[in-house]
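Okay, here's what each chain looks like letter by letter:
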Amino acid sequence: MKKGLITLLLMTALLVSSFAAGQQDGTSESVSNGDDVVKYGFYGPLTGPNSYLGSQSRNGTALAIKQINEKGGLLGKDVVLIAYDDNSSPEKAVKAVTRLIEDDHVHAIIGSLHSGNILASAPVVEKAGVPEMGTGTSPVWLQKGYEYLFRPFANNTWCNKTVVNYIVDVFGYETIATIEGSDAYAKDGAANVREIAEERGMTVVAAESYQQNDMDFTGQITKVLKANPDALFLYGITTEQGPLVKQLRQFGWDGLIFSAEGFGTPEFREVAGAAATNSVFSAIYVIPEVPEEAATKEQEAFLKAYIEEYGEMPISENAYRCYDGVNLLALAIETAGTLDGEAIKDATHQINGYVGLAGEFDYRGKNGEGRESWGIYTIQDGKIYDLEMWMKNNPDWAKSFIK
């Protein structure tokens, strides 16, 4: 990162990052108490097993803020970022958000990638009236009626609907099993898959779960194989998904493996290796090998800027989510013409037509949801392909999996 733009601050064992154009800020007090800047708060897992995802989230946030400052800031003010570690813990998320609001007096927040952490801290955000772009995929936390919470992409209901519709309408499968992690993202996602599947007339024959950081899935796989489902849907964070897929293949599952956006990460493909072939997943963004292979010109520009700033491609779509989140709140701040939380909230609810990395947004009358579509892909020999195009170009492959 460039000297003069970024200072890393240590605040009582919590990692804090401050970003402002053309200046360095040497103390936490000057960041917290300054009234001549726009303050974005960030909380996410910056330590622990999910820290690589949290760092990607913070990178996307910081890059967007840097670009905003290079264009003159917001409302004529520089933008700074204050970031805290939630260590994937709802309790720590509440403490982090409370500190951002009560001590740092932030004007906007980019939320944790963990839906459970957003849900736990939401009452603090709502009471304070500080707009937050939460980056967890579960639909649940925006179904509680909160007015200050928003999401900068489509929730995973649309992911699940997309995949289940293909399972039923294209592959003709009638029974399904799920294996899920223990976090809110996985539990809510898998429950939603089962609900949608049953609505589509499928029978759920098994529903297994595992704990975070488990690496031996023998018991769950044995029960699922005994149930003999037509379709198998996995829900969990990337850390466990690669080993789980490898063990499924080792135990003899040779059918398609269905999942969500985590299968689109380079880490998953690296860990799962050949076992990932014949996986099918839905995602909002797919990280390409090089920026020129990006799905849209907006994503290509983002990836080139990311490489220039950090020296490498992002390894998680969390960077995309936060980048859009910062820019959507920036649009609302400029539209509102003030740093008043209620005004920013109202302006965010009226955003329509803004095109970000996830596509075109429309928040009008949607309770904080701005997008309603996901793509669907398959992994073949380590490469990701659009599923429809893959099936069209490989009809024999398609026939071999259609019931």
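Refer to the structure above for everything that follows.
To keep things clear, this report deals only with the structure shown in the data block. The model shown is predicted, which means the values in this text are computed figures rather than measured ones.

Counting secondary structure elements, the chain contains 14 helices and 16 strands. Taking 403 residues into account, the globule formula puts the C-alpha radius of gyration at 22 Å, and the chain, at 21 Å, falls close to it. C-alpha atoms of the chain, sized along the principal axes, occupy 65 × 40 × 40 Å. Expressed as a percentage of the 403 residues in the chain, the buried residues total 59%.

All right, on to helix 6 (residues 184-199) then. With 16 residues, helix 6 extends 22 Å from end C-alpha to end C-alpha; this agrees with the ideal 22 Å at 1.5 Å per step. Within helix 6, burial applies to Tyr-185, Ala-186, Gly-189, Ala-190, Asn-192, Val-193, Arg-194, Ile-196 and Ala-197. Among the structural elements, helix 5 (156-169), strand 8 (175-180), strand 9 (203-209) and strand 10 (231-235) are those in contact with the buried residues of helix 6. Phi turns positive, to about 90°, at Gly-201, one or two residues after helix 6.

Across the interface, helix 10 (residues 297-310) lies against helix 11 (residues 318-336) with an axial gap of 12 Å and an inter-helix angle of 105°. Considering the angle they form, helix 10 stands roughly perpendicular to helix 11. Facing Gln-299, Phe-302, Leu-303 and Tyr-306 of helix 10, the residues of helix 11 in contact are Ala-319, Tyr-320 and Tyr-323. By residue class, the composition of the contact of helix 10 with helix 11 is six nonpolar, one polar and no charged.

A few words on the packing of helix 11 against helix 12 (residues 341-349). Their axes nearest at 8 Å, the elements helix 11 and helix 12 cross at an angle of 115°. By the criterion of interaxial angle, the relationship of helix 11 to helix 12 is roughly perpendicular. As for how helix 11 packs across helix 12, the hand of that crossing is right-handed. In this structure, helix 11 uses Leu-329, Ala-332, Ile-333, Thr-335 and Ala-336 to contact helix 12, whose residues at the interface are Ala-343, Ile-344, Ala-347 and Thr-348.

Attention now moves to the packing of aromatic side chains. What the rule picks out here adds up to 20 aromatic pairs. Taking the centre distance of 6.5 Å and the plane angle of 50° together, the rings of Phe-263 and Phe-281 count as tilted. In this pair, Phe-263 sits in the loop between strand 11 (257-259) and helix 9 (266-272) while Phe-281 sits in strand 12 (residues 279-283), placing the two residues 18 residues apart along the sequence. One exposure class covers both Phe-263 and Phe-281, and it is buried. Ring geometry for Phe-302 against Tyr-323: centres 4.8 Å apart, planes inclined by 55°, an arrangement best described as tilted. Linking Phe-302 in helix 10 with Tyr-323 in helix 11, this pair joins segments that are 21 residues apart in sequence. Per residue, the accessibility class of Phe-302 equals that of Tyr-323, and both read buried. Aromatic rings pair up to connect Tyr-285, Phe-302, Tyr-306, Tyr-310, Tyr-320 and Tyr-323 into one cluster.

Taken together, seven strands build an open sheet; the order of strands is 9-8-10-11-12-15-16 and the sheet is mixed. For this open sheet the edge positions go to strand 9 and strand 16 (383-386), each flanked by a neighbour on one side alone. Strand-to-strand, the axes of this sheet are offset by a mean angle of 25°, without reference to chain direction. Sheet contacts for helix 6: strand 8, strand 9 and strand 10; angle to strand 8, the most-contacted strand, approximately 175°. Running at roughly 170° to strand 9, helix 7 (residues 218-227) makes contact with strand 8, strand 9 and strand 10 of the sheet.

Mapping Asn-160 onto the fold places it in helix 5. Sequence spacing of Asn-160 and Phe-233 is 73 residues, and the spatial spacing of their C-alpha atoms is 9.7 Å. If sequence neighbours within four positions are ignored, Asn-160 has contacts with Gly-189, Asn-192, Val-193, Ile-196, Phe-233 and Tyr-235. Only 3.4 Å separates the side chain of Asn-160 from the backbone oxygen of Gly-189, close enough to count as a polar contact.

With that out of the way, let us pick up the sheet that holds strand 5 (residues 108-110). Ordered in space as 4-3-5-6-7, the five strands form an open sheet in which the pairing is parallel. Because the sheet does not close on itself, it has two edges, and the strands there are strand 4 (78-85) and strand 7 (149-150). Contacts from helix 3 (residues 90-102) reach strand 3 (37-44), strand 4 and strand 5 within the one sheet, and its direction differs from that of strand 3 by about 175°.

What counts as what
Residues numbered from 1 in each chain as written. Predicted model: local features only at pLDDT ≥ 70, side-chain atom pairs only at ≥ 80, totals over all residues. Heavy atoms only, no water. Helix = DSSP H or I, 4+ residues; strand = E, 2+ residues; numbered from the N terminus. Rg over C-alpha atoms; globule rule 2.2 N^0.38 Å. Buried < 20%, exposed > 50% of the residue type's maximum accessible area, 1.4 Å probe, protein only. Expected span 1.5 Å × (residues − 1). Contact = heavy atoms within 4.5 Å. Axes fitted to C-alpha atoms, helices over the stretch in contact; angles between N-to-C directions. Parallel < 35°, antiparallel > 145°, perpendicular 65-115°, else oblique. Nonpolar A, V, L, I, M, F, W, Y, C, P; charged D, E, K, R; others polar. Left-handed = near helix turned anticlockwise from the far one by under 90°. Phe/Tyr/Trp six-rings, centres within 6.5 Å; stacked < 30°, edge-to-face > 60°. Pairing = 2+ DSSP bridges. Polar contact = N/O pair within 3.5 Å; in protein donor to acceptor, adjacent residues only side chain to side chain.

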